Amino acid sequence: MQVTRVRIYPVKSLGGLDVRSARVEPWGLAADRRWAVVDEHGAKVTARERNVMLSLQAEPLADGGVLLGGATSDPLRVDVPGGGDPIEVQVTRQGTALPAGDEADEWLSSRIGQQVRLVWQPDPTVRTVKADHGGQEGDRMSLADAGPLLLTTEASLAALNAWTDEGAPELDMLRFRPNVVVDGDEPFAEDDWGFVTLGEVRFRVAAGCDRCMMTGIDPVTLQRGLEPIRTLSKYRRRDGKTWFGVLLVPQDEGEVAVGDAATVG
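Residues numbered from 1 in each chain as written. Predicted model: local features only at pLDDT ≥ 70, side-chain atom pairs only at ≥ 80, totals over all residues. Heavy atoms only, no water.

Examining the overall build of the protein chain
A tally of regular secondary structure across the protein chain gives three helices and 19 strands. A compact globule built from 265 residues should have a C-alpha radius of gyration of about 18 Å, and the protein chain, at 18 Å, falls within 12% of that. In terms of principal-axis extent, the alpha carbons of the protein chain reach across some 50 × 40 × 35 Å. Counting all 265 residues of the protein chain, 52% fall into the buried class. Partitioning the intrachain contacts of the protein chain with sequence separation of at least 6 by distance along the chain shows that 68% fall at a separation of at least 24. Split by element, the accessible area of the protein chain, about 12000 Å² in all, is 46% carbon and sulfur. Within the protein chain, one finds 29 positive and 41 negative side-chain charges whose respective centroids are separated by 4 Å. (Helix = DSSP H or I, 4+ residues; strand = E, 2+ residues; numbered from the N terminus. Rg over C-alpha atoms; globule rule 2.2 N^0.38 Å. Buried < 20%, exposed > 50% of the residue type's maximum accessible area, 1.4 Å probe, protein only. Contact = heavy atoms within 4.5 Å. Areas by Shrake-Rupley, 256 points an atom, 1.4 Å probe, with all protein chains shown as cover. Lys, Arg positive; Asp, Glu negative; His and termini not counted. Charge placed at Lys NZ, Arg CZ, Asp CG, Glu CD.)

Next comes the structure, spelled out in structure tokens:
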């Protein structure tokens, strides 16, 4: 097997972008989900509630900042907060974050359609991986939902598309928001992996990834539908949830790149 895609999502729940390679840090890929959007009370705001967020993107900058943009939006550079008081945020196991400032807040609020704030995670070592997501002592993560990285496979997506009703639109991998995609010929073999090495970086497969209705949002049209949850519920349902992809915890630091070998064991 080999790595066929590497993606990062600099701002949680905004659109992601493909990269040729990314540095692997203990808490995930560099520049992946260190920023998040919260409401006036500090509660997270995601594309589950605001589909339009998927049409906005954030390009990582060398100094840790981001360039916010979109197909019909003038870009805005946002620097890493250099000071100011942390604010309370309700992002699981992340008690405080640093506010990006009024200009970023206004830019996002006008496009999302509600008053929001952009915040930055200054210290990714404080957020733990939950035990029910396979977390062990010392595991840390960015502002991603469940684990430091999400891996999916082309073989599993092909099987899912084969299961869907005839005439249904083909599902794109973007719906599942992976960090790493690998090829392979055995659908859902990743369920049974214990460890996987991508290039020279070893990862522990912490747990499967249970999927929510956000996967039902078409990342291009932003329209909601019943797939893939309807089909996953028929073939990939256990413990009252539907499953696609696996959560990875880095065991080393290094770099992962498109074309790297993917070795299980």
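A few points about the environment of arginine 93
If you trace the backbone, arginine 93 turns up in the loop between β9 (87-91) and β10 (94-99). Residues arginine 93 and glutamate 186, spaced 93 residues apart in sequence, show a C-alpha to C-alpha distance of 35 Å. Apart from the residues lying within four places of it in its own chain, the contact partners of arginine 93 are Val126, Arg127, Thr128, Val129, Lys130, Met141 and Asp145. There is a polar contact of 2.5 Å between the side chain of arginine 93 and the backbone oxygen of threonine 128. (Polar contact = N/O pair within 3.5 Å; in protein donor to acceptor, adjacent residues only side chain to side chain.)

A look at the pattern of salt bridges
Scanning all chains against the criterion turns up 15 salt bridges. We note a salt bridge from aspartate 145 to lysine 12, for which the minimum N-O separation is 2.4 Å. Of this pair, aspartate 145 sits in the loop between β11 (116-120) and β12 (149-153) while lysine 12 sits in the loop between β1 (3-8) and β2 (17-19), and the two are 133 residues apart along the sequence. The buried category is assigned to lysine 12, whose relative accessible area is 7%. Between aspartate 145 and arginine 48 there is a salt bridge; the shortest N-O distance is 2.5 Å. Here arginine 48 lies in the loop between β5 (35-39) and β6 (56-60) and aspartate 145 lies in the loop between β11 and β12, a separation of 97 residues in the sequence. (Salt bridge = Lys/Arg side-chain N within 4 Å of Asp/Glu carboxyl O.)

Brief notes about the pairing of strand β17 (residues 241-250)
Most of β17 sits inside the fold, with nine of its ten residues counted as buried. Alignment of β12 against β17, held across three bridges, turns out to be antiparallel. Within β17, the position partnered with leucine 150 by the bridge is leucine 247. Taken together, the six bridges between strand β15 (residues 201-210) and β17 define a ladder with antiparallel strand orientation. Each residue of the ladder has a partner; that of arginine 204, found in β17, is valine 249. Here strand β16 (residues 237-238) pairs with β17 via two bridges, running antiparallel. (Pairing = 2+ DSSP bridges.)

Considering helix α2 (residues 154-163)
Because each turn of an α-helix spans 3.6 residues, side chains separated by three or four positions end up pointing in the same direction. Along α2, the residues classified as buried are Ala155, Ser156, Leu157, Ala159, Leu160 and Asn161. The inward-facing, buried residues of α2 contact β12, α3 (229-235) and β17.

By themselves, these are just geometric observations and shouldn't be taken as functional.
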